[in-house]
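Below are the chains, spelled out letter by letter.
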Amino acid sequence: MKFDDVLNQIGGFGKFQKTLYVWICLPQILLAFHMFVSIFTGAVPPHLCLSTWPPPANQEPGPSPSPSLSFSFNFSQAELSCSLGGASQTAGLSNSSAQVEDEGFKPAAAAEGECNGGWEYSKEVFHSTVATEWDLVCDNANLNNIGSSIYMFGLLVGAALFGALADKYGRRTIILVGLALQALFGVGAAFAPTFYIYVMLRFVVGTTISAVIMNAFVLGTEWTGPKHRMLAGIITDYFFGVGYILLAGIAYAIREWRHLQLAISAPGFLFIFYIWVLPKSARWLLANQKNEEAMDLIQKAAFVNGQPLGNDIELEQDQKSGKTLEKQRKHTVIDLVRTPKMRRQSLIVFYLWFVNVLVYYGLSLNISDFGTNIYLTQCIFGLVEMPARTITLFTLNRSRRISQLAFLAVGGLACLLTIFIPDDLPMARTALAMVGKFGITASLSIIYVYSAEVFPTVVRQSGIGMGSMCARAGGVIAPTIYLLKRHSQKAPMVVFGLCPLVGAVLTLLLPETANKALPDTIDEVEGGGQRK
């Protein structure tokens, strides 16, 4: 009996699988914490430069107290400028160079545009952040963005590293290792003595995100019957959205960045009990010739689901699957771009992966740019995740291509329209950004399904792997897009608007795959024929 037949017999989504999904979904909350905590820990509050101490005329000479204790700064009048003394040189992401109430001192180095006396930061919203502790403003503002890109690069490295290790050592083992490293290095980041050590620790956390999220998805898929796999995948996305929302409340309550980093990381140690409750993948065991252990697991699942199997059940390898694997070994990544039609479709899908993740994280990681309450905006953006992922369940069955095109267009147009909203209407800008987030989140959910159906069987895994790499590249680049604000405040949203619109147009060149048999070979793609 084949494994899929056994799953149908014992229940494709019974009590065993539902319990498994509880264990799979709980870490998704912490994954969301780690993905978006930099919104708060890396925030740059309004700030101004302190001068060396010139005692006011009405003050007696003596030891120079800290200017921050003796003067009252008007941060509410802060300008988006790093120039001291009112010049026009702008910074990438910082609210800087606040005006000082006339108490007898001037900003230091006004002529040179440098700050030799240190910085004073507003504590109205954030008590401390990575930026305030290590002065990542003005000339050093780029380091904040580069740090975020290095973290996202960790996701790319983790996808390649832990994907290969999971095939060798099993999904369960890599999930447990990923959770342990995530907690350890996440807590370590809260005690980082320097910015560079902090970035290094966050990079490792990024690799563990890929380790957990990829292998948890695969483990759940391998235990779930075909009819329930899409719904099960959406459930994990919901828990990620829950983490997205909860982070807003936690960050609101904890305004010190080190305490916040510790609060989102330390709970990871609670997952130690997964050693005893998280099952292995029976499919992986079978693929690695561990049939006896696989059969024991299947019998356990059958018992939990109330559908016990007889002891005379024998599992057999799917010969068709074996032939497919043999065919796949004869093809390489080069085959994705070797022939004209395959090349066109592959490059378009790669671009769609790239642009979806670029805009998704570009919007998600820079919510402070919209001018409204950062905690409220974070909560709203998290809430948007739920309907955006749910609506795809209803549109995908009608048309993959039109669904992809429509949501890309919605996301791109909404982002582009934000550049026409005046600065004194931050709520309108936030509302449009929310619509953009809705469109791009739905589009991102669709590309997972669509790309798997566009590639023929013989190169499907290679195509999905390359698409995932392009997606990670989009994540790496997303934080750096905001450096364009040095040239124009509207430049980032122009990029986030135009790129999805280009993707929407390119989607028209892809085939419709809804309710159609999938191609097995490259010849079928080139000839325009579908399997019957």
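Just so it is clear, the model here is predicted, and its values are computed rather than measured. (Residues numbered from 1 in each chain as written. Predicted model: local features only at pLDDT ≥ 70, side-chain atom pairs only at ≥ 80, totals over all residues. Heavy atoms only, no water.)

**Description of the environment of F126**
- Checked against the element boundaries, F126 lands in the loop between β2 (119-121) and α5 (130-133).
- Here the alpha-carbon distance between F126 and P45, two residues 81 residues apart in the chain, equals 7.0 Å.
- In this view, F126 contacts F40, A43, R255, I374 and Y375; residues no more than four positions away in its chain are not counted. (Helix = DSSP H or I, 4+ residues; strand = E, 2+ residues; numbered from the N terminus. Contact = heavy atoms within 4.5 Å.)

**Things to note about the confidence of the model for the protein chain**
- Averaged over all residues, the pLDDT of the protein chain is 81; the fraction at 70 or higher stands at 82%.
- Note that residues 52-72 has pLDDT below 50 and, in this model, 24 contacts with residues that lie over four places away or in other chains.
- Here residues 84-112 is a poorly scored stretch, pLDDT under 50, and it has 92 contacts once near neighbours within four places are set aside; other chains count. (pLDDT = per-residue confidence, 0-100.)

**Describing the packing of helix α2 (residues 15-36) against helix α10 (residues 257-265)**
- Closest axis-to-axis distance for the α2/α10 pair is 9 Å, and the angle between their directions is 155°. Overall, the two elements α2 and α10 adopt an arrangement that is roughly antiparallel. Relative to α10, the crossing made by α2 is left-handed. Residues L30, F33 and H34 of α2 lie in contact with α10, whose contacting residues are Q261, I264 and S265.
- Looking at the contact of α2 with α10 residue by residue, the class counts come to 3 nonpolar, 3 polar and no charged. (Axes fitted to C-alpha atoms, helices over the stretch in contact; angles between N-to-C directions. Parallel < 35°, antiparallel > 145°, perpendicular 65-115°, else oblique. Left-handed = near helix turned anticlockwise from the far one by under 90°. Nonpolar A, V, L, I, M, F, W, Y, C, P; charged D, E, K, R; others polar.)

**Structural notes on the packing of helix α18 (residues 400-417) against helix α19 (residues 426-454)**
- For the pair α18 and α19, interaxial distance at closest approach is 7 Å and the crossing angle is 150°. Between α18 and α19, the angle falls in the class roughly antiparallel. The interaxial crossing formed by α18 with α19 has left-handed handedness.
- Grouping the constituent residues of the contact of α18 with α19 by class yields 15 nonpolar, 6 polar and 3 charged.

**A look at the packing of aromatic side chains**
- Under the criterion given, the structure shown has 24 aromatic pairs.
- Summarising the aromatic geometry, the rings of W134 and Y198 are spaced 6.2 Å apart at their centres and angled 45° between planes, so their arrangement reads as tilted. Of the two residues, W134 is situated in the loop between α5 and α6 (141-169) and Y198 in helix α8 (residues 195-223); the sequence distance between them amounts to 64 residues. Judged on exposure class, the residue W134 and its partner Y198 are both buried.
- Members of the aromatic cluster, joined through ring pairs, are F36, F240, Y244, Y360 and Y361.
- Here the basic side chain of R202 rests over the ring of Y151, its NZ or CZ set 4.0 Å away from the ring centre.
- The ring of Y252 is capped by R255, whose NZ or CZ atom sits 4.6 Å from the centre of that ring. (Phe/Tyr/Trp six-rings, centres within 6.5 Å; stacked < 30°, edge-to-face > 60°. Buried < 20%, exposed > 50% of the residue type's maximum accessible area, 1.4 Å probe, protein only. Lys NZ or Arg CZ within 6 Å of the ring centre and 35° of its normal.)

**Quick word on the nonpolar core**
- One finds M35, F36, F40, W223, I298, Y361 and F496 to be the most contacted residues of the largest nonpolar core, which totals 101 residues.
- With 13 residues, helix α16 (residues 340-364) is the single largest residue contributor to this core.
- Setting aside chain neighbours within four positions, we find W223 in contact with L7, G12, F16, Q17, L20, K280, S281, A282, L297, I298 and A301.
- Of all hydrophobic cores here, the second largest spans 17 residues; its members include W119, V130, V137 and C138. (Core = buried A, V, L, I, M, F, W, Y, C linked by side-chain atoms within 4.5 Å.)

**A few points about a nonpolar patch on the surface**
- A contiguous nonpolar patch, built from I272, I275, W276 and V277 and spanning about 430 Å² of accessible area, is present on the exposed surface.
- Counting through the fold element by element, W276 comes out in helix α11 (residues 274-277).
- Given the relative accessible area of 67%, W276 is considered exposed. (Patch = residues over 30% accessible without salt bridge, like charges linked within 9 Å, V, L, I, M, F, W, Y side chains within 5 Å. Areas by Shrake-Rupley, 256 points an atom, 1.4 Å probe, with all protein chains shown as cover. Salt bridge = Lys/Arg side-chain N within 4 Å of Asp/Glu carboxyl O.)

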